[in-house]
Every structure is written in structure tokens, then in C-alpha cells.
Amino acid sequence: GGQQQRVALARAIVSRPRLLLMKEPLGALDRRLQEALQVKLRSMRHDLGLTVINVTHDQEEALTMSDRIALLAKGGLQQYGTPYELYATPRNQTVARFLGESNIFDGLPVSSSEGWSIEVDGTAVPLPGSVTAPDPDKPVALFLRPHRMYVQPVGSAQEDGVAQLHGLVDSVIYAGDACRVRVRLRGGDVIVVRSAAEVREQFEEGTEVTVAWRIDDALVIA
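Residues numbered from 1 in each chain as written. Predicted model: local features only at pLDDT ≥ 70, side-chain atom pairs only at ≥ 80, totals over all residues. Heavy atoms only, no water.

Draft legend 1. Layout of the environment of Ala62. With respect to the helices, strands and loops of the structure, Ala62 is situated in helix α3 (residues 59-65). Residue Ala62 is classed as buried on the basis of its relative accessible area of 13%. A sequence separation of 37 residues divides Ala62 from Leu99, and the C-alpha atoms of the two residues are 9.4 Å apart. (Helix = DSSP H or I, 4+ residues; strand = E, 2+ residues; numbered from the N terminus. Buried < 20%, exposed > 50% of the residue type's maximum accessible area, 1.4 Å probe, protein only.)

What follows is the structure in C-alpha cells.
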């Protein structure tokens, strides 16, 4: 039950140090115990007034236990901020891909009477309205979290302010309270959509579908 690891944590905390350094402190524990101790350590840290530096590769642990996250990769600091800032507004693709699942589309921006867009799988995908005058010779990356997207049957009415792409359902992965729907575009790229669990009964593998999202839910990143 991870007794040895929990005793090691108790030994480190009992003397109430001003600074506590931890490296993968919950790595050897089972999932449910990890989740319980994440919450316990967070509340204990506040109660005891501890400053804690935790080195971890576990995304959920970092998001759950932290007031601030410093994401280190490629020999440098990629981004520093609150868990919400790193998750919702990643500074670049390294941060976006490391923290949680992401869908990223790359392309050269094209201007039209309807605004700026990039071409994805032969379709003009609008950039969010907050983007102003990008360099048309410099590729941009359009970033979307899976829970910001939804799957619907081909031919569904398109709402204003919504972008969409067409593809085939590659797989529907049931995860208890939700489903991960993987949709393969004609060019071979795969989009991951996180939907309600009921979706598993609506779309079978090989079904032609539309993946849609609100245009302003997307984010242009470096």
C-alpha cells in the first residue's frame, strides 16, 4: 500500500521545514491512493505554511498540487504560470502537447473577405477573431483541446461562428464518464475529441462524421 513511501513523506514533513523538495513523491502508489494524497499534501502544505518544489512528469499531479508550474523542456523554461494558464493558454506547441491532449493544425495564414484562415485537409479553417494581421509567409499553429470540440453526423446544420472538418471515426474509447473519439481526416491526420459517454452508442468505427468547434475556442500559438 505504499507504506514505505508514505513514511518517507511523513519524515520529511514532521520537522516542518521551510522548504520541501520532492521528486516523483507519489510514483510508487496505486492510482486511488495517489489522488487522495495529492489532495492531502496540497491542504497540508497550506496548513503548515510549507513551500514545496516538486519535480514530476505526471501531468495530473502537477495540475492538482501546484500553485505555479514551471515547464522545463529542450534545455530551457518553456512557460511559467498557474496550472490554468499553462493548460488553457500554452505559449507554444511544446507546452500544449505536454500538458493534456491537444489538437494542433499548422498552415500558412490566408486572408479573405471573411477573415484569416489556414488550410487543413483541403478545407479553409478560420482563425479566431482575436488574431490580427499575421505574416502570410510565416506558418501558424491552431490549437484546440479535445473537450472544446464535438462530433456530429455529416449534413448537420452549421451554426454561425463554428468551424468544421470531415473525417471517418477511427475509434471510440470509453473512459467511464466520457469517450475519446478519434477521427481520421482524409490526409491521415487524427483529431481527438472528448465527448459524453453516450457518444459510444452513436458513432461506430468507419462512420463518416463532422468535427466542429466554436472558432473563438481555438488559440493560435507559436
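Anyway, onward from the coordinates.
Draft legend 2. Structural detail: the pattern of salt bridges. Here the structure, examined in full by the defined rule, presents eleven salt bridges. Across the pair Arg31 and Glu60 runs a salt bridge whose closest N-O atoms are separated by 2.3 Å. With Arg31 in helix α2 (residues 31-48) and Glu60 in helix α3, this residue pair connects regions lying 29 residues apart in the sequence. Two residues, Asp170 and Arg184, come together in a salt bridge whose shortest N-O distance is 3.3 Å. With Asp170 in strand β11 (residues 162-174) and Arg184 in strand β12 (residues 178-184), this residue pair connects regions lying 14 residues apart in the sequence. A relative accessible area of 28% places Asp170 in the partly exposed class. (Salt bridge = Lys/Arg side-chain N within 4 Å of Asp/Glu carboxyl O.)

Draft legend 3. A look at the sheet that holds strand β15 (residues 219-221). In space, the three strands of this open sheet follow the order β5-β9-β15, with antiparallel pairing throughout. Looking along the sheet, the strands with just one partner apiece sit at the ends: β5 (103-107) and β15. Adjacent strand axes in the sheet meet at a mean angle of 30 degrees when their direction is disregarded. Where strand β9 (residues 140-144) and β15 come together, three bridges link them in antiparallel fashion. The residue of β15 that forms the bridge with Ala141 is Ile221. (Pairing = 2+ DSSP bridges. Axes fitted to C-alpha atoms, helices over the stretch in contact; angles between N-to-C directions.)

Draft legend 4. Region of the structure containing the packing of helix α1 (residues 3-14) against α2. Across the interface, α1 lies against α2 with an axial gap of 13 Å and an inter-helix angle of 5 degrees. Considered as vectors, α1 and α2 are oriented roughly parallel to each other. Contacts between α1 and α2 involve Arg6, Leu9 and Ile13 from the first element and Leu33, Leu37, Leu41, Met44 and Leu48 from the second. (Parallel < 35°, antiparallel > 145°, perpendicular 65-115°, else oblique. Contact = heavy atoms within 4.5 Å.)

Draft legend 5. View of the layout of surface pockets. Its volume calculated, the largest pocket comes out at about 740 Å³. As for the largest pocket, its lining consists of 30 residues, and the residues nearest its centre are Asn54, Val55, Ser66, Arg68 and Ala70. Sorting the residues of the lining of the largest pocket by element identifies β1 (19-23), α2, β2 (51-55), α3 and β3 (69-73) as the ones contributing at least two each. Taken together, the residues that form the lining of the largest pocket break down as 19 nonpolar, six polar and five charged. (1 Å grid on protein atoms, 1.4 Å probe; cavity = no way out; pocket = protein on both sides within 12 Å on 5 of 7 lines; lining within 4 Å. Points joined across faces, edges and corners; volume = space filled by probe spheres on them. Nonpolar A, V, L, I, M, F, W, Y, C, P; charged D, E, K, R; others polar.)

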